[in-house]
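Each chain is listed here by its residues.
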There are 2 protein chains.
Amino acid sequence: MNINEIAKLAGVSRATVSRYLNDGYVSEEKRKVIKDVIEQTGYQPSAQAQSLRKQVTGLIGVIIPRIQSESVSRMVAGISRVLSESGYQLLLANTQNNEKEELKYLKTFRKNHVDGIIFMGTMFTKAHFSLMKELEVPIVILGQQVEGYSCVYQDDYNAAKEAVRLLVGSGKTIGYIGVNTRDKAAGTHRKKGFLEELTRNGIKAEEKYMEEADFAVEAGYEATNRLMKRSPDIDSILCATDSIAVGALKHIRELGKRIPDDIQLIGFGDNAITGIVEPSITTVHFYYHTSGEESARLLLEILSSGEDFKKQIKMGYRMNIQESTRK
Amino acid sequence: MNINEIAKLAGVSRATVSRYLNDGYVSEEKRKVIKDVIEQTGYQPSAQAQSLRKQVTGLIGVIIPRIQSESVSRMVAGISRVLSESGYQLLLANTQNNEKEELKYLKTFRKNHVDGIIFMGTMFTKAHFSLMKELEVPIVILGQQVEGYSCVYQDDYNAAKEAVRLLVGSGKTIGYIGVNTRDKAAGTHRKKGFLEELTRNGIKAEEKYMEEADFAVEAGYEATNRLMKRSPDIDSILCATDSIAVGALKHIRELGKRIPDDIQLIGFGDNAITGIVEPSITTVHFYYHTSGEESARLLLEILSSGEDFKKQIKMGYRMNIQESTRK
DNA sequence: TTGTACGCGTTATCAA
DNA sequence: TTGATAACGCGTACAA
């Protein structure tokens, strides 16, 4: 069913049908006839043909590292809400945190002439930048601050500092379990906030109080094991993700230590699970859903204004203080 | 950058370039020239123009009820893995479980000429069926068994029966917290399995031992409250989802009862959280990730064979026995 | 207010 | 082996 058949059925030229669909001049009588025909046939103009002609696809490419992640899925939900409201469709690419896949999908997006891209990346290489430069589509980076690009990201640095302040109030020896610092947001900035706030409080940061883990409960468990074995005097641990914090909680419990009496715990992300475990875990709430919405709105702004003004939006945060911290 | 410019730069006709791209006859020398030009320019044929011409888009529409759900995101990950391997792109529609949205997106998919649709729905209305009938695209339904359609679904019925067998072995009074039965899979079939296996064991199912809740921890908590107030003699509860089971766990703990000594608990879905709470919750493992893969494979089969043979795939399950059940 | 004709970027047919 | 040309479905400038 195409516009020619509709035109034939309605007894008009296909230009008239096209005008009808695009708010052009059509007489009342023809308007009625065309309307009836379209309703009866359930005709829908072909998106491909339209975009070939109009050079606009209504498609937004979204690259995510891993869909089975609470923070990621919350952001995608936010993106989806805003885009769908504006009539855009979402072309999703799940890369499993694989650089090659990311690059591949950037190319796929170009091939599909997406109108814009929301890129939730964790690590950016030269290959990324050179490819992103090549693409003429507006790109909004979500979750990381990248100079020279429009982006929406979390205030990892200050959140970490605030978490440390919370811990030093009632703790003496603060441990840290971080993630790979190739991830600037969750890795570098959270660690930097931790270190600098320690220093500001006159505490010397020592290697023996620090560990690194993957984004997973099991990894958090193991890292805590290493950490506590090496430095049993630790009385507080800041974990770069909630999963790690949950793993830490498990290990601490097995050690027979009490939370928060013997050891305090703080995580990042405000995953649902932090409110379910016993004791519940104090954690940094990032507005992930809102970040997603915000990134989509920013992209829409760029699209409607026709100009990428490289706005950088740093989102707020708040501490969700639960039972794993003293006082 | 389009095929005409490439042709001009390479000093050949655009037909030759097209043949080069589509494995046609091209002499070695021209092949080289064209290859160089394409590599230097980074040219990619337009997907829109190709699909307009070839009547194939390489797009698969995927409708999901809610992305912030562990089971859904696992299935999407499975779908994504298989489709991306076969060079398909995924057009994602997150409907927030809203019927209107589902219908809207089915239409959007038609407009975009997706090659196929994977529909993860919970409740199917007449409007759904009439619209799905209209679409000439192959549809695979994921998560529900629907007569007359290709689908991949879980064995909710038998899983519920097995769960009941587990409970009756060491329990006497079995409670059930279900979800809305308009959802055939999680609502009707799990409940039916529960009821029939009770009967098979000579236990009379009574209304006072049954409750209904939404898919959420809080709702499970409240439902358990109602259930236990009404029937304090209950010593086992089967919950239609893990979230509900976690809510139940919270409430039971607040009642001062022990799990599993006083009350046993079983959930469905094998969410990560069941292994993290204390005590961990016995739960039915459905192969969600594999289901997603399976649905994608089924769709690919249909696409390559050109015939929708309405295959119905019932997936297996296994009990993940943890600490919330006796013995 | 309506219709004709062209072009968007491809691929496929056909003749050379 | 190559190139001219038609066609995919649509929107729009232009002429009527």
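Quick caveat: nothing in here was measured; it's all calculated off a predicted structure. (Residues numbered from 1 in each chain as written. Chains lettered and ligands numbered in written order. Predicted model: local features only at pLDDT ≥ 70, side-chain atom pairs only at ≥ 80, totals over all residues. Heavy atoms only, no water.)

Explain the protein's contact with DNA strand C residue by residue, including any values.
The local shell around DNA strand C holds 27 residues, among which Thr16 and Ser27 of chain A together with Ile3, Gln50 and Arg53 of chain B are the closest. When the atoms of DNA strand C within 4 Å of the protein are sorted by group, sugar and phosphate make up 61%. Contact between DNA strand C and isoleucine 3 of chain B: a phosphate oxygen at 2.5 Å from a main-chain N or O atom of the residue. Take serine 46 of chain B: an N or O atom from its main chain is 3.0 Å from a phosphate oxygen of DNA strand C. If you list the elements that add at least two residues to the surface near DNA strand C, you get α2 (14-21) and α4 (47-54) of chain A together with α2 (14-21) and α4 (47-54) of chain B. (Near = heavy atom within 4 Å. Polar contact = N/O pair within 3.5 Å; in protein donor to acceptor, adjacent residues only side chain to side chain. Helix = DSSP H or I, 4+ residues; strand = E, 2+ residues; numbered from the N terminus.)

Outline unusual backbone geometry, supporting the account with residue identities and numerical values.
Put simply, isoleucine 259 of chain A and proline 260 of chain A share a cis peptide bond, and its omega is 5°. Structurally, the position occupied by proline 260 of chain A is in the loop between α11 (242-254) and β9 (264-268). In this structure, glutamine 96 of chain A takes a positive phi of about 55° despite not being glycine. Position of glutamine 96 of chain A among the secondary structure elements: in the loop between β2 (89-94) and α6 (99-111). The backbone of asparagine 97 of chain B shows a phi angle near 60°, a positive value even though the residue is not glycine. Inspection of the secondary structure assignment puts asparagine 97 of chain B in the loop between β2 (89-94) and α6 (99-111).

A description of the domain arrangement of chain A should follow, citing residues and the corresponding values.
Residue and element names in this part refer to chain A. When cut into domains, chain A gives domain 1 (3-41), domain 2 (59-154 + 288-316) and domain 3 (156-287). Between the C-alpha centres of domain 2 and domain 3 the distance comes to 29 Å. Counting residues at the interface gives 15 residues for domain 2 and 15 residues for domain 3. Interface area, domain 2 with domain 3, both sides summed: about 1200 Å², of which 45% is carbon and sulfur. The interface formed by domain 2 and domain 3 includes 0 salt bridges. For the pair domain 2 and domain 3, the interface holds 10 residue pairs in polar contact (both at pLDDT 80 or more). Breaking the side of domain 2 that touches domain 3 down by element, the ones donating at least two residues are α5 (70-85) and α12 (288-305). The greatest single-element share of the side of domain 2 that touches domain 3, amounting to 4 residues, is contributed by α12. When its residues are assigned to classes, the side of domain 2 that touches domain 3 shows 3 nonpolar, 9 polar and 3 charged. (Domains from an automatic or database assignment. Contact = heavy atoms within 4.5 Å. Buried area = accessible area lost by both parts, 1.4 Å probe. Salt bridge = Lys/Arg side-chain N within 4 Å of Asp/Glu carboxyl O. Nonpolar A, V, L, I, M, F, W, Y, C, P; charged D, E, K, R; others polar.)

I'd love a proper account of the protein's contact with DNA strand D, names of residues and values included.
Close contacts around DNA strand D come from 25 residues, with Ile3, Tyr43 and Arg53 of chain A together with Thr16 and Ser27 of chain B the closest. Near the protein, within 4 Å, the atoms of DNA strand D are sugar or phosphate in 59% of cases. Residue asparagine 22 of chain A places a side-chain N or O atom 3.4 Å away from a phosphate oxygen belonging to DNA strand D. Between DNA strand D and glutamine 50 of chain A, the relevant distance is 2.8 Å, taken from a phosphate oxygen to a side-chain nitrogen or oxygen of the residue.

Go over the sheet that holds strand β6 (residues 174-178) of chain B with me, naming the residues and quoting the values.
The strands making up a sheet associate through hydrogen bonds between their backbones, and the pairing can be parallel or antiparallel. All names here are of chain B. Across the sheet, which stays open at both edges, the 6 strands sit in the order β7-β6-β8-β9-β10-β12 with mixed pairing between neighbours. The outermost strands of the open sheet, each flanked by one partner alone, are β7 (210-212) and β12 (317-320). Between one strand axis and the next, the sheet turns through 15° on average, direction left out of account. Of the strand pairs in this sheet, strand β9 (residues 264-268) and strand β10 (residues 282-286) are connected by 3 bridges, and their pairing is parallel. Bridge assignment links phenylalanine 268 to a residue of β10, and that residue is valine 284. Each of β6, β8 (236-239), β9 and β10 is contacted by helix α11 (residues 242-254), which is oriented at about 155° to β9, the strand it contacts most. (Pairing = 2+ DSSP bridges. Axes fitted to C-alpha atoms, helices over the stretch in contact; angles between N-to-C directions.)

If you had to explain the pairing of β8 of chain B to someone new, which residues and values would you point to?
Residue and element names in this part refer to chain B. Alternating residues of β8 divide into Ser236 and Leu238 and Ile237 and Cys239, and every residue in both groups is buried. Two strands pair when backbone bridges link them, and β6 and β8 are joined in this way by 4 bridges, in the parallel orientation. Bridge pairing in β8 places isoleucine 174 opposite serine 236. The pairing of β8 with β9 spans 3 bridges and is classified as parallel. If you follow isoleucine 237 over to β9, its bridge partner there is leucine 265. You can see the chain leave β8, run along α11 and come back into β9, and the turn it takes is right-handed. (Buried < 20%, exposed > 50% of the residue type's maximum accessible area, 1.4 Å probe, protein only. Right-handed = clockwise from strand over helix to strand, strands pointing away.)

Any chance you could break down the packing of aromatic side chains for me, citing the residues and the numbers?
Going through the model one piece at a time under the given rule, you end up with 12 aromatic pairs over all chains. Centre to centre, the rings of phenylalanine 129 of chain A and tyrosine 149 of chain A are 6.1 Å apart; their planes meet at 35°, and the pair counts as tilted. One end of the pair, phenylalanine 129 of chain A, is in helix α7 (residues 126-134); the other, tyrosine 149 of chain A, is in the loop between β4 (139-142) and β5 (150-153), with 20 residues separating them in the sequence. Phenylalanine 129 of chain A sits in the partly exposed class, given a relative accessible area of 29%. On the basis of relative accessibility, which here comes to 10%, the residue tyrosine 149 of chain A falls in the buried class. Here phenylalanine 268 of chain A and phenylalanine 286 of chain A contribute two aromatic rings whose centre-to-centre distance is 6.2 Å and whose plane-to-plane angle is 25°, an arrangement assigned as stacked. Pair noted here: phenylalanine 268 of chain A is in strand β9 and phenylalanine 286 of chain A is in strand β10 (residues 282-286), with a separation of 18 residues, a long-range link. Using a relative accessible area of 0% as the deciding quantity, one classes phenylalanine 286 of chain A as buried. Positioned above the aromatic ring of tyrosine 157 of chain B, the side-chain terminus of lysine 192 of chain B is 5.4 Å from the ring centre. (Phe/Tyr/Trp six-rings, centres within 6.5 Å; stacked < 30°, edge-to-face > 60°. Lys NZ or Arg CZ within 6 Å of the ring centre and 35° of its normal.)

Residue-level account of helix α5 (residues 70-85) of chain B, with values.
Residue and element names in this part refer to chain B. With 16 residues, α5 ought to run about 22 Å at 1.5 Å a step, and its terminal C-alpha atoms sit 23 Å apart, in line with that. The element α5 is largely enclosed, with a buried count of 13 among its 16 residues. Looking one or two places after α5, you find glycine 87, whose phi comes out positive at around 80°. (Expected span 1.5 Å × (residues − 1).)

Residues and numbers for the sheet that holds β10 of chain A, please.
All names here are of chain A. Overall, mixed pairing links the 6 strands, which are arranged β7-β6-β8-β9-β10-β12 in an open sheet. With one partner strand each, in any of the chains shown, β7 (210-212) and β12 (317-320) form the two edges of the open sheet. Each strand axis lies, on average, 15° off the axis of its neighbour in the sheet, ignoring direction. Bridge count for strand β6 (residues 174-178) against β7 is 3 bridges, and the pairing is parallel. In the sheet register, tyrosine 176 faces β7, and the bridge partner there is methionine 210. The sheet contacts of helix α8 (residues 156-168) involve β6, β8 (236-239), β9, β10 and β12, and relative to β9 the element is tilted by about 170°. Seen against the sheet, helix α9 (residues 184-200) touches β6, β7, β8, β9 and β10 and runs at an angle of roughly 170° to β6.

Which residues make up the pattern of salt bridges, and what values go with them?
All names here are of chain B. Overall, the coordinates contain 37 salt bridges over all chains when judged by the stated rule. Note that glutamate 293 and arginine 81 form a salt bridge whose closest N and O atoms lie 2.7 Å from each other. Of the two residues, glutamate 293 sits in helix α12 (residues 288-305) while arginine 81 sits in helix α5, which places them 212 residues apart along the sequence. According to the relative accessible area criterion, glutamate 293 is buried, its value standing at 11%. For arginine 81, a relative accessible area of 33% translates into the label partly exposed. A salt bridge links lysine 208 to glutamate 206, with the shortest nitrogen-to-oxygen separation between them at 4.0 Å. Exposure remark for lysine 208: the relative accessible area of 37% places this residue in the partly exposed category. A relative accessible area of 30% means that glutamate 206 is categorised as partly exposed.

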